[in-house]
Amino acid sequence: KTKGPPFPIPRAPLRARAFLSLVLKPDPWFSVMQRSSRTACALVGLSLAASVHGFAITSALQPLRFASTRTTPALKGSPVAKALPRVPRAYTFPRCSRSGLRLLMSTPTEVDWAKELVKESDENNVTPYIANLVGRDLHLKKNHPLNIIKTKIEKYFTDRDAEFQPKDSLYPIVTPKQCFDDLLIPEDHQSRRFSDTYYISKEKLLRTHTSAHQTELLKDGVTKFLCTGDVYRRDEIDSSHYPAFHQMEGVKILPECEGVADREEWVKMCSEDLKSHLEGMVDAIFGPVEKRWVDAYFPFTEPSYELEIYYKDDWLEVLGCGVIQQPILDGCGMDTQHGWAFGLGLERLAMVLFDIPDIRLFWTDDERFISQFKDGEITKFEPYSKFPPCYKDIAFWLPESWEENNFSELVRNVAGDLVESVELIDQFDNPKKGKTSHCYRINYRAMDRSLTNEEVDKLQEQVRDKAAKDLTVELR
């Protein structure tokens, strides 16, 4: 018999005990384990954790990461190694919520995103270019402008109320139910379209906002949180739009509102608390500034507001927010509770605070950009170069079905970050032909070097060929 462990082992679920009886049955390998109580306790703990995590539902477990299925030499051939769940390389076990069916998935330590996201299917519109952006986690990189803003906001909220929980590593692949249905977004809403959202399949997509995790966190019992992550949208191309950017979602369920039956009363309580928090947050980031609240519409909040500040001689929209729609909370089993939510874009704030002129710069690995910023400090960006633009126009007759985002996506897939903007400069209708013509001006400009006419001409020719073939336009 081995000595007792130096720590208490809680009584395991039935399935865990059955698992342990298998692992701890007498055999030559186990006699080796008996020689050391430390080794015995460690291996019993490992097998218990594996069995509970693999076969029992518990909300207490945090994400258990496996970067590989390989075992250490000490475990090879052992019952523990044989009985451990077979985990594909570069996969992480998700943390299970209380229902046992809802998953709050942490981002895996290693993922082949191209293989995970890009599929040969009519239901899939994720390109290798987009897959290459997933998992970069700019909001977690030290000394990066996005991380600096994120940290400042989190510090303000946690200093004000220690119960706020930052969530910044949730899995970017969600379901349409999480992203749209749970948030009361109508079936015919623009954001659901294939031209606006990156779909992996009908059942999976890249989140378009961090609000996609709102109901899952609420169902898991988290009532005050700041959820930050990368989000993805098919969009136009210019200096302030990019297909991947970063959002922060904040939610607070007010305990003092629980059980308040009068809607007017709890809406007032939530709105006042919301505005107090957000006005304080703005002052913490920008310093004391003039503010104004503008009535707005969002499917998931009612009433809804936008907060604007007067900054650098102009009104700047900072965020959208509101009182959470009660049907959303009802769906989370919180029919007697009420609260508020807000959402903001980190890039929007960072571009203003750091004077960053082009959203593409956030994604650069150029040391001349990265070295200008330091944790906890707001420093103005000093442009290190400005290379000349190269403009190329393309004109064509539109097909019967036309989505401008599809053309922007095509240009981006051909030229990547060498394109600074795509602008519609002319359009007209030909009544005789019954057709409409568009002319777009593409601005090719790299951030780190001058482009040659030869390489730009080659890119432009690829754009023309793919537009005719993939979008069925009639070139002019």
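Data block above holds the structure.
For the structure given in this document, a descriptive report is provided here. (Residues numbered from 1 in each chain as written. Predicted model: local features only at pLDDT ≥ 70, side-chain atom pairs only at ≥ 80, totals over all residues. Heavy atoms only, no water.)

Further remarks concern empty space enclosed by the protein. All chains considered together, the criterion is met by 2 cavities of 30 Å³ or more. Computed from the structure, the largest cavity encloses a volume of approximately 40 Å³. Tallied by class, residues from the lining of the largest cavity come to 4 nonpolar, 2 polar and 5 charged. As a volume, the second largest cavity reaches approximately 30 Å³. Residue composition of the lining of the second largest cavity, by class: 2 nonpolar, 5 polar and 4 charged. (1 Å grid on protein atoms, 1.4 Å probe; cavity = no way out; pocket = protein on both sides within 12 Å on 5 of 7 lines; lining within 4 Å. Points joined across faces, edges and corners; volume = space filled by probe spheres on them. Nonpolar A, V, L, I, M, F, W, Y, C, P; charged D, E, K, R; others polar.)

With respect to burial, strand E16 (residues 435-444) is a largely interior element, 7 of its 10 residues being buried. Sheet analysis places strand E14 (residues 390-397) next to E16, joined by 8 bridges and oriented antiparallel. Bridge pairing in E16 places isoleucine 394 opposite tyrosine 440. Note: strand E15 (residues 419-430) against E16, 10 bridges, orientation antiparallel. Residue pairing for E16: glutamine 427 is matched across the bridge by histidine 438. Joining the antiparallel neighbours E15 and E16 is a turn of 4 residues, in which glycine 434 adopts a positive phi near 65°. (Buried < 20%, exposed > 50% of the residue type's maximum accessible area, 1.4 Å probe, protein only. Helix = DSSP H or I, 4+ residues; strand = E, 2+ residues; numbered from the N terminus. Pairing = 2+ DSSP bridges.)

In this structure, lysine 392 sits in strand E14. Judged by relative accessible area, lysine 392 falls into the partly exposed class, the value being 22%. Linking lysine 392 and valine 422, residues 30 residues apart in sequence, is a C-alpha distance of 9.7 Å. With near-sequence residues (within four places) excluded, lysine 392 lies in contact with Tyr440, Arg441, Ile442, Tyr444, Val456, Asp457 and Gln460. Among the polar contacts made by the side chain of lysine 392, one reaches the side chain of aspartate 457 at a distance of 2.7 Å. (Contact = heavy atoms within 4.5 Å. Polar contact = N/O pair within 3.5 Å; in protein donor to acceptor, adjacent residues only side chain to side chain.)

The subject of this paragraph is the state of the cysteines. By definition, a disulfide links the sulfur atoms of two cysteines through a covalent bond. Under the definition given, this model contains 0 disulfides. With no disulfide of its own, cysteine 270 lies 3.9 Å from the sulfur of cysteine 257, the closest cysteine sulfur. Take cysteine 270: its relative accessible area is 0%, and that puts it in the buried class. (Disulfide = S-S within 2.5 Å.)

Counted according to the given criterion, the structure contains 22 aromatic pairs. Ring geometry for tryptophan 397 versus phenylalanine 428: centroids 5.6 Å apart, planes at 75°, classification edge-to-face. A residue pair is termed long-range when its members are at least 10 positions apart, and tryptophan 397 in strand E14 and phenylalanine 428 in strand E15 qualify at 31 residues. Here a set of aromatic residues connected by ring pairs shows up, and it is made of Tyr156, Phe157, Phe164, Trp340 and Phe342. The cationic tip of lysine 275 hangs over the ring face of tyrosine 305; the distance from NZ or CZ to the ring centre is 4.4 Å. (Phe/Tyr/Trp six-rings, centres within 6.5 Å; stacked < 30°, edge-to-face > 60°. Lys NZ or Arg CZ within 6 Å of the ring centre and 35° of its normal.)

Turning to helix H12 (residues 346-353), a few remarks are in order. Within H12, 7 of the 8 residues are buried, which leaves it mostly tucked inside the rest of the structure. Turning to H12, its buried residues number three or more, namely Leu346, Glu347, Leu349, Ala350, Met351, Val352 and Leu353. Of the residues flanking the end of H12, it is aspartate 355, one or two places downstream, whose phi is positive at about 60°.

Turning our eyes to something else, we now look at the pairing of strand E12 (residues 314-324). Where burial is concerned, most of E12 is hidden: 8 out of the 11 residues are buried. Pairing analysis gives 9 bridges linking strand E11 (residues 301-311) to E12, with the strands arranged antiparallel. Paired with glutamate 306 across the bridge in E12 is glycine 320. Where E11 hands over to E12, the hairpin turn is made up of 2 residues, of which lysine 312 adopts a positive phi near 55°. Pairing of E12 with strand E13 (residues 339-345) involves 4 bridges; the strand directions are antiparallel. Looking across to E13, one finds that valine 323 is bridged to tryptophan 340.

Within the element layout of this structure, threonine 472 appears in the loop between helix H15 (453-470) and strand E17 (474-475). Excluding anything up to four places from it in sequence, threonine 472 contacts Pro399 and Ala467.

There is about 1,200 Å³ of room inside the largest pocket. Taken together, 41 residues line the largest pocket, and the ones lying closest to its centre are Arg233, Phe245, Gln247, Glu317 and Arg348. Those elements that place two or more of their residues in the lining of the largest pocket are strand E9 (244-253), E11, E12, E13 and H12. Each residue belonging to the lining of the largest pocket can be placed in one class, and the counts come to 16 nonpolar, 17 polar and 8 charged. Each pocket or cavity is described by its volume, and for the second largest pocket that value is around 600 Å³. In this structure, the second largest pocket is lined by 23 residues; those nearest its centre are Asn124, Asn125, Thr127, Arg234 and Asn413. At the level of elements, helix H14 (404-415) and H15 are the ones that each hand at least two residues to the lining of the second largest pocket. Tallying contributions element by element places H14 first for the lining of the second largest pocket, with 4 residues. Across the lining of the second largest pocket, the residue classes break down as 7 nonpolar, 8 polar and 8 charged.

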